[in-house]
Each structure stands twice: as structure tokens, then as C-alpha cells.
Amino acid sequence: MLKYVGKRLIYMVGVFFVVSIILFILFNNVPGDRALNQVQNLRGKVSDETFQLRYQEARDKLGLDDPIPIRYVKWMGNLLRGDFGYSSFYKKDVIDVLGTPLLNTIQINIMATIIALAITIPLGIHCAVKKFSKFDNAIQVLTIVGYSMPQYIIALVFIFIFAVKLGWFPISGMNTPNFQGTGLAFVLDRIHYLALPVIVMTVASLGSMTRYVRAAMIDALRMDYIRTARAKGLREKVVIYSHAWRNALLPVITLIITWFMNIFMGSIVIEQIFQINGIGKMYYVGLMNQDYDVALAVNMLYCVITLISNLITDLSYGIVDPRVRINK
Amino acid sequence: MKKKLISLFLVGAMTAGMVAGCGNSGNGSNAAAGNDSASGDVASTEGVEEGTESTFDGTYSNKQVILGESSETSGDITPFWVNGASDYDAYKLVTGMAPIENDQTGKWIENPTVLENLEVTDNDDGSRTYTVTIKDGLKFSDGSDINADDYLLNYMLRCDEMIVDLEASNLTDSTVQYVAGYNEFSNGESDTFAGLHLIDEKTYSVTIDAQYMPYYYGSALISLEPQSMDLWLPEDVTLEETENGVKFSDNFSAEYIGDKVQAARYNYNICSGPYMFTSYDENAYTYTLTKNPNFPGNFEGQTANIETVLVKYTPQDTMMDQLKTGAVDILYQVADGDQIEQGLDMVEEGGFDYLSYGRAGYGMISFKCNQGPTQFKEVRHAMAYLLDRVSFAQTFTGGHGIVVNGPYGSQQWMAEEYAEEIDGLNSYTYSLDSAIAELEAGGWVYNEDGSEYSGSGIRYKKLDDGTYMPLIIEWFSSDNNSVSDLLVTTLQQNPDVAAAGMQINQTVGTFTDLLTYYYDNSEENPYQMFNLATGFGNPYDVAYMYEPGSSNNTNAVLGEEGQQLYDLAIAMNQTEEGDDATYAENWYKFIECWNDVLPEIPLYSNDYHDFYTSKLHDFEEDGYNWDVTKAILYANME
């Protein structure tokens, strides 16, 4: 087991560096002049000579006149020391720019993931057990609709209904501006604000997981051991949850673990529409403003999360299904 | 029971998420003053009063107003680093007490609440000195005294090299660049600022460089507000008077002041304006500004009526809904036609009011006048004739905009005085014949092989070196831009453009790339045409934009016509202060010349709309002379 994990970790480090090289080259070949972008506001405010001086200083600081390999080594060296660079848009260190948004993203995604899993797993199992019933058919139709509808459409429709028409929730933001409360009052206010985006995220993710669980359970319920279990007179709940669900879990586990790892990744659409100060929104702002240190840092975070997610998924196979050996 | 369990679970899951979110409070992360309260009051902004009859009894609560901003707030309230319009609005609300302020008509007048004495001296070398004595007893929001060095600090901060070393990039404006010794100080050649003098604790002087005299907007040079020395600089860094001007003490360096400056950026808690910075909530994208008890009033002695102003980012997609639901109280400078219609419907339904005023600026096509076909005036004229600007403005603004024929706005008093003459400017009314006539007059009468133009295909012009230049214009536009999309259909693909023998090639890129090419005045710049927007301020000083050879001359208007434009802009500036009639005359001459040179084609000038809750009273602005941050001072809230 340890040997396997060790091998995978070495592999992950390799992949990390390959991805970092590809991303770095891509970002550094995007058209545009980052140094010019940084000093653009000085135009017309300082003399032409001073502007040129500042521009050259910015180029030197960004190392734009160095060959790409040298720039990469410098950037990676800084990255490994925890220096993610400097945001040319926010004019402060990237680590200061991304700290709060990352926490906000985790917060909202944990809520959405827990709720979505709590709804979709029982619902998928129930639909599989009551296959082709009216309830199952209705859920199939709804999940198809939900699955097909883009997240931003769901968001706009829900804003219109629940915020504008019914006035149940605020339209956007994470808390009441100038909110004076602390403790429970603060938590309730935050829940009030995050409820709508969480509901939208949950609804948007219901379709895929419900159908996935249902399909896995239907496959499991067709197996001979289920018939055997029923023949042995086991209670239906034991048959479903102890025998069928455990075996159906293997294909589902990948999705569940991915979902949990995605709590670190922001939803660009949701965070933009609901004005949530999250990592996805920062990524979008970084890209739109050629703030590549921010965008690269977020990309590298996504890379690390994906690698860890893959490792955990593989390890979890062995735990869920004893037939899978991961010690080789 | 099951329903209760489900409800409990949902709340539980959300609470678990909150706790698991690493305990991020997210409120007032940059709080300057404690705004925590054990009472746990929820200052809810929700609650719709749509369409209800007003029951206002004439008593104002004046508790709070929420100003919705269409650009994102950053928390960096000072204007020297991140330069968002919303941050700047918050900044303007927390800065004040300038010795000179502009009134509701845009005229610069003395501020008697601050000014003890103003002495204007014409010096032998042709320069002019304004000696300002401020009143005793003026205080910042924290109770500390406001002194002359606090005023001078604002000048110094706007052009000191050290601040640029701290990554600041939005520094100088015309308020500083005409002050004697500016170039030497801002370039680091001198550590003293020759045009500034610290005379005593309450007196300072500002001298306009002789080369810029006379200067019509001279008084505006002393319109800078005080910046607290205590806020920006370590205690032992001071301003020192020398015979050559003012300088920082020797211990002043970027490294030494760095920490203090960075703290001031995000915790601007010593304020001089009608409001003071209380906190910035990065999760609500909101500045909380509370009434400054030490603000003595503006030039009319007016202090703020409303206790708290929240400056809140309100994305365009949902801004009207936010107003409708009470999440914001004011939306200003709404320009989108659909949103204006939605707002007007809300006003009709009741519960909301609106203001409408013209934009001091316009969307435009900007040309490079030093290379390619657009270096020739006739080509620029021809293109203007080939674009139906009236229809364009109507379509783009949804009927809420007009066409202007020069760089002016309806709120400018000069435009008001010369309204009749402005109406007589060439409006380049759509005409293929006029476009062809312009091109023929400009020598675009050849085919590629030098034979006489056949009447179809691209026209050519014979250059001085004997070569032929095709009438192909390279246009760079930014992506996701609805003006560009409309220009494609109304201009680039207009059959009359081809019929006139012209071709326009479009290249689309990011806005940053557009700016790179827009500022590139070299003849190697592959593009000659851009579409973007511009605005003008008060003081209306445009001379630097047309200085031949300067990088600020983004149109690169050179030669005789460039010099003429520059001379007229200079003549406008160099009108004696107070001689309004001559200034207006010079202003019109400039506008008239500009209309002929046509370095830009104005496409539309919006009719801005402010929509606000009917609970707000006494709110008047025009967006130019008297903007929303000044109007809020007089406003009252039910």
C-alpha cells in the first residue's frame, strides 16, 4: 500500500511539473504585454522618458526579457517557496488576493455538496428500486431537464422567482452590507445570503448524480447475489443498502470524491452571477485582466487538487471493493 | 415530522458548511473602526415598497443610503493604485476641505469654510503664486489638526518617484503638472518641489510655472484636499521648507514608508471629507462610510444629512432587480437602453424616481492620423459620411442618447453659451456622394496600377514617393463589445463603404491589447482605427492630448493641422483667469477646428439616468459639474 502511494506521489510530482511547464508556456505566449499593462496608467501622467523607464523596470521585474526556461525556473522557485507572484490588477501579492476567496469557495461548496449528496443518493436508490414507476419517470424527466439546462439559466430563473418576485432571498452577495451582528446573527445572515446560490448549485447538480446512482443501483439489483439475498429472506432494506448499495458504490465513488475535491474549485458562473467573492470569480477576473500571476496560481491549485483527487479515488477503490488490490 | 427533519437537515448542512469554511467571518475584513455589536441587529436592506403610496410625514430618518456602483469595488480606496470608478466615488466622499471647489455650474470658487485668506501674486518671472491660509481649528475625522503640510502632502504624493516604487501608477493629474518644478521633482532630478512652499503651520503656497501662464484654471491648482501626514507617513518623516521649495525629510524612502503607505491604502481612517471610512466588506463588495463629525461643510457650509453611505458593487445583470428589492437605493449613470426602460417602468409603477442628464463624453472611432489612409483628413471625413451616426446612436442607446460633433458635453457652460454655433458644426450627415467627393478631393482617384479609378474596387492614392496606397483601413476592436458588433454591420459591411472604394479590416483582441495599439504612435503600428469611449473632466484641459510628438497625443495628429489644434487648445488654457468670454470663444474655435480635423468620430453620447428610491429627497446631479458624491451631501432619506 505504502509502496503504491509512494509511486503515485512520485508520478504526481512529475505530472505537476509537466502541467506547470505547459501552463507557464501557454500563459507566457498569450498576446499582450504584461509590463505595458502594469504601467499603462502612467501614460500621460509622467514624461515619455519616465514612462519608458518605468516600462523597462516592469519588464525587468517580470523578467520578460529573459528566455522562457529561465523565467520558468524563477517562477517555479518562487512558487515552491510560497510566493505566488504579484497581482498586476489588484496591486498586491497573489496570496493576499486569493486567501479569502478560497475560504468562501470552500464554504459554499461544502454546503452545496452535502445537500446535493443527501438528496441525490437516496433519490437515485429509490428510483432504482421503484424503477419505471410514475415517481421514477417523473424524476427521470426532471433530472433530464435539470441536466440539460445551463447553470446560469437556472440561476437567473431562481433569482427572478425567489429574490425578485417572492423576495425570500437577497439577489447577490454573501452578507448584508454594513451588517452589525455577530455570532448566530452573523451565521443566519450568511445562510440567508448563501441559500439561493447553494440551492441553484444543488439543483444544477441533482440530475447527473441522481441518474448515476440510479443506473449503478439498477445494475447492482440485477445481480445474482441480490436474488440470493432475497431468497435467504433478508429484509429489503438490508438487501438494498447493505448488499446492492455497497456494490453500486464503486462507480459512484469516483463522482463523489470528485465532488468533494471540487469544493476547492470555484464555480465561475455561480460566483459571477451571485457576486460571491470566490476562487472561480478571481480566476475569471485574472484572465479578463491579463493578471496572469493570479490565473496561474489558481490553475496550479486546480492541478494539485485534481492530482490529489485522483489518488484518493484510486485508494478508495481498494477500500470499497476488496477485490481491487492496490498494493502492487 | 419528515418535513421538519428535512428542514433541520438543510439548515444543519448549511451550518456545517459555514463551520467547515474555516470560520471566515468575512465581515469588515479591513475594518477600521469596530462595528461589531453584541445586540446582533440585522441591518437588513431587503423589503420591497414597490408601487405603494407614500406615507411620508415630512420627517427624515437620514439613517442610511446605499449607492449602487456598476464597477467592482476593490477595497483599495485611495486613487493611486487600483483605479476603479467605484473606489474613487468612495474616496471622493471621504475627502474634502479643499480651499477651492467647483460649484453646481462647474465654476471654481473659494471655499469659505476652509479658507482664511487667499493671496494671488504675479511674480517677476511670469509665474503666479497662490498663497493659501487655512482656518484654525480644521480637523480630520480622528480629531487631529489639519495643517498646511497636510495639503502639500497631497501634491507630493501625486508625483513622487518613491510612490511609483511602491507600485502606484495612477498619480499625476493636471492639478499638479503645471506647478513650478513638477518635472524635476517627478523625474527624481530634484528632491525639492520648487513650486510648493510651507510658509507656516496654516499657510502654504503653490506657484504655477511661468510657461503655463496665464492659466484659465489656475485656481483649480489649489483644489487639492489635505492628506493626513499621520496616516501616510511614519511619525519622524516630515515636510521641510527650503528656499528651493518643499522636500521630504532625509529619512523618506520607499522602503521606510512602505508599510505605513500599504496600511493607509486599505485602512484610510483619517479623513477630511463629509464622510469617513469605517470599513470595507470584501464579501459584500461594500464600503461603509459614516458621517464625519469634524467636517465643517463644503463651499456652501453644507454637511452630510445622511448618517451612513454604503458604496456597493451592483453588477449590471441584476442592478435593476437590486433597486427593486431595496438592496440598493440609488443607481446612477445607467446607460443601457433596456435597463433605462425597465427603470422608467419602475418609476411609473411607483416607489422610484429618476434623473436624466447627458454624458460628458462619448463612444467613438479613434484614428491614427500619422500613418495609413487615416493620416489623410479626407479619408476620416469620408468614413464619417459613410456612417449613419443618428441611426447608430439610436440603436445602440435604445433611444437614450444623442450624436455630438465634437468633444463637448451639454453640461459645459461654454457649450450652453455657444449652443447656436455648435448646431452649425458639420454633422457629416450620411451621404455616399459626399464621401466620394471627399476621397476624390483627397487624391484617392487611382486603381492599383496607377490608372484612373474605374469606379469599382479599392481606391488608391499616389504618394509623394510615387507609390500607391490602397484605401484599406485596419481596425482593432476589443472582444465582447457591442459597439464593435454594431460597427461591423453599419460600417464595415455597409455596401456603400465598398461602393466608395474603401475596405475596412477588423481585428479583434482584448481591451488591453487594444490599449497597447491605441497608445502606439509609431508608424509601424499596424492599426489605424479603434473604437472605445472617452470622457472629459473639469478643468477642461485637453492641450496635453494634442501636443505634437507627445505619447499623450494618441491620435498622433501631426503637421499643420496638429499644430493648429494644439495652438487652439493652448490658447484656451492661456486665457486670463476670470475672462470667461474669451475662454468660451477660444473653446469654440478649438471645437470648430476639431470638427474639421476629425481625429475621432463621436458615435453616441448617452443620456444617463439615475434611478433611486422615492424615499430619497433633495437629490440632484448632472454627472459632470455636480456628481453623485456631491449630490449625496444634500440628500435626505425618509
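Quick caveat, the model's predicted, so the values are computed rather than measured.

**Some words on the confidence of the model for chain A**
Close inspection of predicted coordinates is inappropriate in any region flagged by low pLDDT.
Stage number 1. Per-chain confidence: chain A averages 84 in pLDDT, with 97% of residues scoring 70 or above.
Stage number 2. Taken element by element, the predicted model of chain A shows its lowest mean pLDDT in helix α2 (residues 34–39) of chain A (78) and its highest in helix α4 (residues 68–80) of chain A (90).

**Let's talk about a nonpolar patch on the surface**
Residue and element names in this part refer to chain A.
Stage number 1. Side chains of V141, V145, M149, Y152, I153, L156, V157, F160, I161, L166, W168 and V269 sit close together on the surface and give an oily, nonpolar patch of about 1,000 Å² of accessible area.
Stage number 2. For the nonpolar patch, the elements supplying multiple residues, two or more each, are α6 (134–148) and α7 (151–165).
Stage number 3. Here the nonpolar patch takes 6 residues from α7, the largest share from any one element.
Stage number 4. Mapped onto the fold, V157 is located in helix α7.

**Quick notes on the pattern of salt bridges**
Stage number 1. In the structure shown here, the tally under the stated rule is 22 salt bridges over all chains.
Stage number 2. Between E72 of chain B and K281 of chain A there is a salt bridge, and its shortest N-O distance comes to 2.7 Å. Of this pair, E72 of chain B sits in the loop between β1 (64–69) and α2 (85–94) while K281 of chain A sits in helix α12 (residues 279–288), each in a different chain.
Stage number 3. Residue classification places E72 of chain B among the partly exposed positions, given a relative accessible area of 25%.

**Brief notes about α7 of chain A**
Residues spaced three or four apart along an α-helix point in a common direction, a consequence of the helix completing one turn every 3.6 residues.
Stage number 1. Over its 15 residues, α7 of chain A runs 20 Å from end to end, which matches the ideal 21 Å to within 8%, given 1.5 Å per residue.
Stage number 2. The largest bend in α7 of chain A is about 30°, located at I159 of chain A.
Stage number 3. Restricting attention to buried positions, one finds in α7 of chain A the residues I154, A155, F158, I159, A163 and V164 of chain A.
Stage number 4. Where α7 of chain A is buried, its residues touch α6, α8 (183–221) and α11 (268–273) of chain A together with α9 (319–324) of chain B.
Stage number 5. G167 of chain A occupies a position one or two residues after α7 of chain A and carries a positive phi of about 70°.

**Some points on the domain arrangement of chain A**
All names here are of chain A.
Stage number 1. For chain A, the domain assignment lists domain 1 (2–94) and domain 2 (95–320).
Stage number 2. On a C-alpha basis, the centroid separation for the pair domain 1 and domain 2 is 33 Å.
Stage number 3. At the interface, 31 residues of domain 1 touch 26 residues of domain 2.
Stage number 4. Counting the surface lost from both domain 1 and domain 2, the interface buries some 2,600 Å², and carbon and sulfur atoms represent 70% of this.
Stage number 5. For the pair domain 1 and domain 2, the interface holds 1 salt bridge.
Stage number 6. We note a salt bridge from R8 to D314, for which the minimum N-O separation is 2.3 Å.
Stage number 7. Our count for the domain 1 to domain 2 interface comes out at 11 residue pairs in polar contact (both at pLDDT 80 or more).
Stage number 8. Sorting the residues of the side of domain 1 that touches domain 2 by element identifies α1 (2–28), α2, α4, β1 (86–87) and β2 (92–93) as the ones contributing at least two each.
Stage number 9. When residues of the side of domain 1 that touches domain 2 are assigned to their parent elements, the largest contribution, 12 residues, is made by α1.
Stage number 10. For the side of domain 1 that touches domain 2, the residue count by class is 19 nonpolar, 7 polar and 5 charged.

**Here we look at the environment of V164 of chain B**
Stage number 1. With respect to the element layout, V164 of chain B can be found in helix α4 (residues 161–165).
Stage number 2. Sequence separation of V164 of chain B and G409 of chain B is 245 residues, and the distance between their C-alpha atoms is 34 Å.

**With respect to the packing of α6 of chain A against α8 of chain A**
All names here are of chain A.
Stage number 1. Taken N-terminus to C-terminus, the directions of α6 and α8 make an angle of 130°; their axes are 7 Å apart at the nearest point. It follows that α6 is oblique to α8 by the angle criterion. As α6 packs across α8, the resulting crossing turns out to be left-handed. Every residue of α8 that contacts α6 at D136, I139, Q140, T143, I144, G146 and Y147 is listed here: A204, G207, S208, T210, R211 and R214.
Stage number 2. Here the residues of the contact of α6 with α8 sort into 4 nonpolar, 6 polar and 3 charged.

What counts as what
- Residues numbered from 1 in each chain as written.
- Chains lettered and ligands numbered in written order.
- Predicted model: local features only at pLDDT ≥ 70, side-chain atom pairs only at ≥ 80, totals over all residues.
- Heavy atoms only, no water.
- pLDDT = per-residue confidence, 0-100.
- Helix = DSSP H or I, 4+ residues; strand = E, 2+ residues; numbered from the N terminus.
- Patch = residues over 30% accessible without salt bridge, like charges linked within 9 Å, V, L, I, M, F, W, Y side chains within 5 Å.
- Areas by Shrake-Rupley, 256 points an atom, 1.4 Å probe, with all protein chains shown as cover.
- Salt bridge = Lys/Arg side-chain N within 4 Å of Asp/Glu carboxyl O.
- Buried < 20%, exposed > 50% of the residue type's maximum accessible area, 1.4 Å probe, protein only.
- Expected span 1.5 Å × (residues − 1).
- Bend = angle between axes of the 7 residues up to and from the residue.
- Contact = heavy atoms within 4.5 Å.
- Domains from an automatic or database assignment.
- Buried area = accessible area lost by both parts, 1.4 Å probe.
- Polar contact = N/O pair within 3.5 Å; in protein donor to acceptor, adjacent residues only side chain to side chain.
- Nonpolar A, V, L, I, M, F, W, Y, C, P; charged D, E, K, R; others polar.
- Axes fitted to C-alpha atoms, helices over the stretch in contact; angles between N-to-C directions.
- Parallel < 35°, antiparallel > 145°, perpendicular 65-115°, else oblique.
- Left-handed = near helix turned anticlockwise from the far one by under 90°.

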